[in-house]
Every structure is written in structure tokens, then in C-alpha cells.
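Per-entry structural report
Chain by chain, the residues run as shown.
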Amino acid sequence: MSETVLKLSGIEKAYKRGLPGEVHVLRGVDLEIARGEVTALVAPSGAGKSTLLHIAGLLDQPDSGRVEIAGEPMQDAADRHRTRVRRGAVGFVYQFHHLLPEFTALENVVLPQLADGTPRRAAETRAKELLDIVGVLPRADHRPAALSGGEQQRVAFCRAMANTPKLLLADEPTGNLDPETSDRVFAALMTLVRETGLSALIATHNLELAARMDRRLHLETGHLREA
Ligand SMILES: Nc1ncnc2c1ncn2[C@@H]1O[C@H](COP(=O)(O)OP(=O)(O)OP(=O)(O)O)[C@@H](O)[C@H]1O
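What you are looking at is a predicted structure, and each value in this text was computed from that prediction instead of being measured.

On to the confidence of the model for the protein. Per-chain confidence: the protein averages 91 in pLDDT, with 98% of residues scoring 70 or above. For the protein, helix α6 (residues 179-196) is the element with the lowest average pLDDT, namely 86, and helix α3 (residues 105-115) is the one with the highest, namely 96. Our summary of model confidence lists the complex with pTM equal to 0.91 and ipTM equal to 0.95.

What follows is the structure, encoded as C-alpha cells:
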């Protein structure tokens, strides 16, 4: 039986923003992601993609429902434990890279590993392996400002995978790039995900990119459906 890396059951989430009332964003969302599976999350703007990713990544709590990461129920876990699981098991990639501007590409991938207790040498070896997979190793000593947008985003993918998470959550990871660069950078992301055996939930508006993933889920009117 395949291992379930992420399981959401009956997730409800509403934002209360006064008059004219609350926005009920998620209305009983169920989702399972198996180990090694890459799932596209497709939704119109404002449908709740970021809300769903934040709940799956333990950055936000649902109003009700269950969240399990690698079989471990998280909804009643203490904050410190949720933080530990999030740091250890989940990698995040956003539309904008959020790299540290004063550090090189290599250091941006090394630093999260040092913070996690990995010795510097091992951290540098892993960082170089990851940068090599996505084709930016020749730029390892450049700071983000000296990298192209596509290179910056590829470094951000490596940083998200630096601590060998079980699950990658990505919110429009190529949304900031022109179509041609987006295509190449997405291919680099897929190579990285496949080579590391990672599971991923990747939000995108781009149906061509969604078609290259294992599975497509549409989020509309608070419900998820298989496309
Ligand atoms: N903190 C908040 N308070 C009130 N309403 C919120 C809050 N965060 C999000 N919303 C509302 O909830 C809905 C879903 O927001 P969310 O950011 O999850 O959508 P999204 O699908 O990621 O959108 P986009 O693709 O445009 O980024 C939107 O209508 C948004 O205005």
C-alpha cells in the first residue's frame, strides 16, 4: 500500500470580515497525496488555493476538519510540535523567490540545513547536488540580484528541498516568469521532485503545466474535484 504523505478530511475555513458577512472559502475539502505523487491544484483567482496550501502546510488552522502529515494527526498538536513537523516535513515555494539577498545561491540552500543541525560540509555537498540538478551550479557563488528570475526561482526550489521534506507545497511557482522561462523552470522543478522522490501539491493557473503532473484537482466554490 502506498504511503500517504498528506491527508485532509472535511476541511472547513471561513474568513470573518464583518459586513456583509463571512467568506466561506473551503466547504468540506478532502484530499490525499501519496508518496511520490505530484498533484496540480487548479483554481480561479480567489477560490482559496493559498488558504488550502497554508492549512496543508500547517501555517494556518482550519475551522474544522483533520490534517495529517505522514500519518500524524496535526489538528490538536501543540504549536511547538506543529512548527517542528512543518520545518522537518514540508517545503514551500512561492511565486516570488524570497531568497536572502546578502547571501549567495549556495548559502541560501546551505543555511536552512545549518539551522536544522546538518554539519556545514554535508550541507554544502547537498546544496551543490540540488543546484546541479536544476542547472544553476555554475551560478552557485552569485547573489540573487546577479541571477535571472528563472535562476532565482530554481535556487528557491533547491532551498525548499534542502532539508529533505516529505511534501513540497508550491503556490504559483512559475507565475512570475515569462511563458518560455516558466516552461524551463517548471521542467527543472519536476526533475528535482522526481529525483528526490518527493510528493508535491502545486497550485497553478497554467493548464499546460497542470497537464504535466500526475493528477489535477480543481478547487471551486469551496469544493475539490478530480479533473
Ligand atoms: N485573512 C483574510 N481575511 C479575510 N478574507 C481573506 C483572508 N485571506 C483570504 N481571504 C479571502 O478568501 C478568499 C480566498 O483567498 P486565497 O488567498 O486563498 O485565494 P487564492 O485562490 O489563493 O487566490 P489567488 O489565486 O488570487 O492568489 C478570497 O476571497 C480572499 O479575499
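Interhelical geometry of α3 versus helix α5 (residues 149-161) gives an angle of 20 degrees and a closest axis separation of 8 Å. The angle between α3 and α5 places the two elements in the roughly parallel class. For α3 against α5, the interelement crossing comes out right-handed. Mapping the contact onto sequence places A105, N108, V109 and P112 in α3 and V155, C158 and R159 in α5. Considering only residue class, the contact of α3 with α5 consists of five nonpolar, one polar and one charged.

What follows is about the site of the ligand. Close contacts around the ligand come from Y15, R17, V23, V25, A43, S45, G46, A47, G48, K49, S50 and T51, and that covers them all. Elements represented by at least two residues in the shell around the ligand include exactly β2 (22-34) and α1 (49-56). For the shell around the ligand, the element with the highest residue contribution is α1, accounting for three residues. Here the residues of the shell around the ligand are counted per class, giving five nonpolar, five polar and two charged.

Reading across from one edge, β6-β7-β8-β3-β9-β10 is the order of the six strands in this open sheet, with mixed pairing throughout. The two strands at the open ends of the sheet, each matched to only one other strand, are β6 (90-93) and β10 (223-226). Neighbour-to-neighbour, the strand axes of the sheet open up by a mean angle of 20 degrees, direction not taken into account. Direction of pairing for strand β9 (residues 215-220) relative to β10: antiparallel, over a ladder of four bridges. Paired with L219 across the strands is L224, a residue of β10.

All right, on to α6 then. In a regular helix each residue adds 1.5 Å, so 18 residues correspond to 26 Å; α6 covers 26 Å between its end C-alpha atoms and thus fits that length. When α6 is considered as a whole, its buried residues turn out to be S182, V185, F186, A188, L189, L192 and V193. Around the axis of α6, the buried residues are gathered within 160 degrees of arc, so they sit on the same side. Residues of α6 that are buried make contact with β3 (38-42), α4 (120-133), α5, β7 (167-171), β8 (199-203) and α7 (207-211).

To continue, consider the nonpolar core. Membership of the largest hydrophobic core comes to 64 residues, with the highest contact counts inside it found for V109, L131, F157, C158 and L168. When neighbours within four sequence positions are excluded, L131 is seen to be in contact with A105, L106, V109, V136, L137, A140 and C158.

The next subject is the environment of A70. Here A70 shows up in the loop between β4 (64-69) and β5 (72-73). The spatial distance from the C-alpha of A70 to the C-alpha of K166 is 7.9 Å, given a sequence separation of 96 residues. With near-sequence residues (within four places) excluded, A70 lies in contact with V5, A89 and K166.

Another aspect to go through is the environment of N163. Of note, N163 is situated in the loop between α5 and β7. Residue class for N163 comes out partly exposed when judged on the 19 C-beta atoms lying within 10 Å of it. For the pair formed by N163 and S64, sequence separation is 99 residues and the distance between their alpha carbons is 30 Å. N163 has contacts with G88, P112, Q113 and D116, leaving out every residue within four places of it along the chain.

The rules behind these values
Residues numbered from 1 in each chain as written. Predicted model: local features only at pLDDT ≥ 70, side-chain atom pairs only at ≥ 80, totals over all residues. pLDDT = per-residue confidence, 0-100. Helix = DSSP H or I, 4+ residues; strand = E, 2+ residues; numbered from the N terminus. Axes fitted to C-alpha atoms, helices over the stretch in contact; angles between N-to-C directions. Parallel < 35°, antiparallel > 145°, perpendicular 65-115°, else oblique. Left-handed = near helix turned anticlockwise from the far one by under 90°. Contact = placed C-beta atoms within 7 Å. Nonpolar A, V, L, I, M, F, W, Y, C, P; charged D, E, K, R; others polar. Near = placed C-beta within 6 Å. Pairing = 2+ DSSP bridges. Expected span 1.5 Å × (residues − 1). Buried ≥ 20, exposed ≤ 12 C-beta atoms within 10 Å, placed from the backbone. Arc of directions from axis to C-beta. Core = buried A, V, L, I, M, F, W, Y, C linked by C-beta atoms within 7 Å.

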